[in-house]
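Per-entry structural report
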Amino acid sequence: MAASQDDMFSFCVDTTKVSSCVEIRFIDKIKGKGLFAKKAIKKGDTIFVERPLVSSQFLWNSQYKYKACEYCLRALETAEDNARRLSGNPGLSLPHTELCKVRPELHRACPQCQVMYCSNECRQAAADQYHRALCLGPSQEDPDHPVNKLKDAWRSMHYPPETSSIMLMARMVATVKQAQDKDCWQKLYFQFCSRAANEEEEIAHKLLGEKFQGQLTLLRTLFTKALYDDHLNRWFTPEGFLSLFSLVGTNGQGIGTSSLSQWVHACDALELTSQQREQLDSFIDQLYKDIEKETGDFLNCEGSGLFLLQSSCNHSCIPKAEASFPNNNFLLHLSALSDINPGEEICISYLDCCQRDRSRHSRQKILRENYLFVCSCPKCLSQMDELDLTSEEEEEEEEGEGETETEGDDMEEITDV
């Protein structure tokens, strides 16, 4: 059930522009498809802007009172309110509050369940796509409601930092339930990478830990009670649920939004005297120190989504592009990190900057364990003949690392900070 090129571009903001700029090609049976430039792209250019098929805030993130639009994940706290909460200083006043783009007067609640949206447009979009099937009405806070039981079970199994969410799967089901053309939506979901059964089990194991099989059975039982639909009955079988779980765990693209971060970027762009700049920078530096002391590194509203076109980007240790979320919502911007020639593959990196600076041995270890493939990018191929041993310190560091992101061979997790 293959999608056309037009289908793959259908969630981009400017479909005409992106279709003239890039194309999807089948590479081979190992790598699958890839994204290629149709014309020259300059460093810094935005290649495309894409909205997700479906997205959701992480459950622990919302539990920790990070307020985000239920549809587009836009941060709902003003920069000042966000800074006060994160720093533990309720009397904190930010300078230049006019730079904050959050508009509480535009926020709207679902009239039935009271979940919040950044605008009436987002409230209506959510209702039209999936929310009518998921709205709990007056049972929003009822711990015995099947959807809330599912959420609680997920939180008890998958502690922060989250790299996936059971609610992405719930919204996939709800979207098909509400859709007039149910086959169209299922065809779109089928475009994300599929895995062999043993790989799907390995992904589930990594997400859920040593007790994954029993936890997976419990999740499927709760998922079925909360969301079962005859049209999607195969998604509720043990094999179908495992495949769905693997799809979300492998392809879930991390989304990060922050009103405070937006305010800081706006402050950076101000035209100030040298003395004013020094004072403002000093204030911001101290603010982040206070936040780090009070809250640590957990700064953003965070969630994940399924992005159709961006999912066709393969990995390279020397990426040509990167994703970010500069609009403070779920709109993904893919931007060129260097000049890209016509016909050249546009790759992103599943590794962060620090991981990319490690030895080939270390990079391959992370990619094998978390993304289930061996990298053959130019950087890795050029280092194959080198003495490829890590130092004792690097080996010890790797052994001490906790769970890393599980976004797989089509996607990576990025937050905009």
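In the block above lies the structure referred to throughout.
The structure contained in this document is the topic of the report that follows. Quick caveat, the model's predicted, so the values are computed rather than measured.

1. Side note on the sheet that holds strand β4 (residues 54-57)
Pairing in this open sheet of three strands is antiparallel, and the strands run β4-β8-β7 from one edge to the other. Strands at the two margins of the open sheet, each flanked by one partner only, are β4 and β7 (253-257). When strand polarity is set aside, the average angle formed by the axes of neighbouring strands in this sheet is 30°. The sheet contact formed by β7 and strand β8 (residues 301-306) spans five bridges and is antiparallel. Among the inter-strand pairings, Gly-256 is bridged to a residue of β8, identified as Glu-302.

2. With respect to helix α5 (residues 120-134)
Across its 15 residues, α5 extends only 18 Å between first and last C-alpha, which sits more than 12% below the 21 Å expected from 1.5 Å per residue. Helix geometry: α5 is bent most strongly at Asp-128, by close to 70°. For α5, the set of buried residues is Cys-122, Ala-126, Ala-127, Gln-129, Tyr-130, His-131 and Leu-134. Along its buried surface, α5 packs onto β4, β6 (116-117), α7 (166-178), α8 (182-189) and α10 (212-227).

3. With respect to the pairing of β8
Most of β8 is tucked away: six of the six residues are buried. Judged by which residues are buried, β8 turns out to be covered on both faces: Cys-301, Gly-303 and Gly-305 on one side and Glu-302, Ser-304 and Leu-306 on the other are all buried. Bridge count between β4 and β8: four bridges; the pairing is antiparallel. The residue bridging Gln-57 from the neighbouring strand is Gly-303, located in β8.

4. Let's talk about the pairing of strand β10 (residues 332-336)
Across the five residues that make up β10, a large majority, five, are buried. Covered by surrounding structure in β10 are Leu-332, Leu-334 and Ala-336 together with His-333 and Ser-335, the residues of both alternating faces. Sheet topology places strand β3 (residues 46-50) next to β10; four bridges connect them, and they run antiparallel. Following the sheet pairing, Val-49 is matched in β10 by His-333. Looking at chain direction, strand β9 (residues 321-324) and β10 are connected through four bridges and run antiparallel. Each residue of the ladder has a partner; that of Ala-323, found in β10, is Leu-334.

5. Details of the sheet that holds β3
Strand order in the open sheet formed by three strands is β3-β10-β9, and the pairing between neighbours is antiparallel. In the strand order of this sheet, the two ends are held by β3 and β9, each with one partner. Sheet twist, expressed as the mean angle between neighbouring strand axes with direction ignored, is 20°.

6. A look at the pattern of salt bridges
Any two side chains of opposite charge can pair, so long as their charged atoms come close to each other. Tallied over the full model, the rule gives ten salt bridges. With a closest N to O distance of 2.8 Å, Arg-85 and Glu-77 form a salt bridge. Relative accessible area serves as the criterion here: at 27%, Arg-85 is assigned to the partly exposed category. The class for Glu-77 is buried, based on a relative accessible area of 9%. Across the pair Arg-132 and Asp-128 runs a salt bridge whose closest N-O atoms are separated by 3.6 Å. Remark: Asp-128 and Arg-132 occur in helix α5; sequence separation between them is four residues, near one turn of the helix. Here the salt bridges share partners, and the residues they tie into one network are Glu-80, Asp-81 and Arg-84.

7. Things to note about the packing of aromatic side chains
On inspection of all chains with the given rule, the structure shows 13 aromatic pairs. With 6.0 Å between their ring centres and 70° between their planes, Phe-11 and Trp-185 make a pair best called edge-to-face. Linking Phe-11 in the loop between α1 (5-8) and α2 (15-21) with Trp-185 in helix α8, this pair joins segments that are 174 residues apart in sequence. On the accessibility criterion, Phe-11 (7% relative accessible area) is buried.

The rules behind each value
- Residues numbered from 1 in each chain as written.
- Predicted model: local features only at pLDDT ≥ 70, side-chain atom pairs only at ≥ 80, totals over all residues.
- Heavy atoms only, no water.
- Pairing = 2+ DSSP bridges.
- Helix = DSSP H or I, 4+ residues; strand = E, 2+ residues; numbered from the N terminus.
- Axes fitted to C-alpha atoms, helices over the stretch in contact; angles between N-to-C directions.
- Expected span 1.5 Å × (residues − 1).
- Bend = angle between axes of the 7 residues up to and from the residue.
- Buried < 20%, exposed > 50% of the residue type's maximum accessible area, 1.4 Å probe, protein only.
- Contact = heavy atoms within 4.5 Å.
- Salt bridge = Lys/Arg side-chain N within 4 Å of Asp/Glu carboxyl O.
- Phe/Tyr/Trp six-rings, centres within 6.5 Å; stacked < 30°, edge-to-face > 60°.

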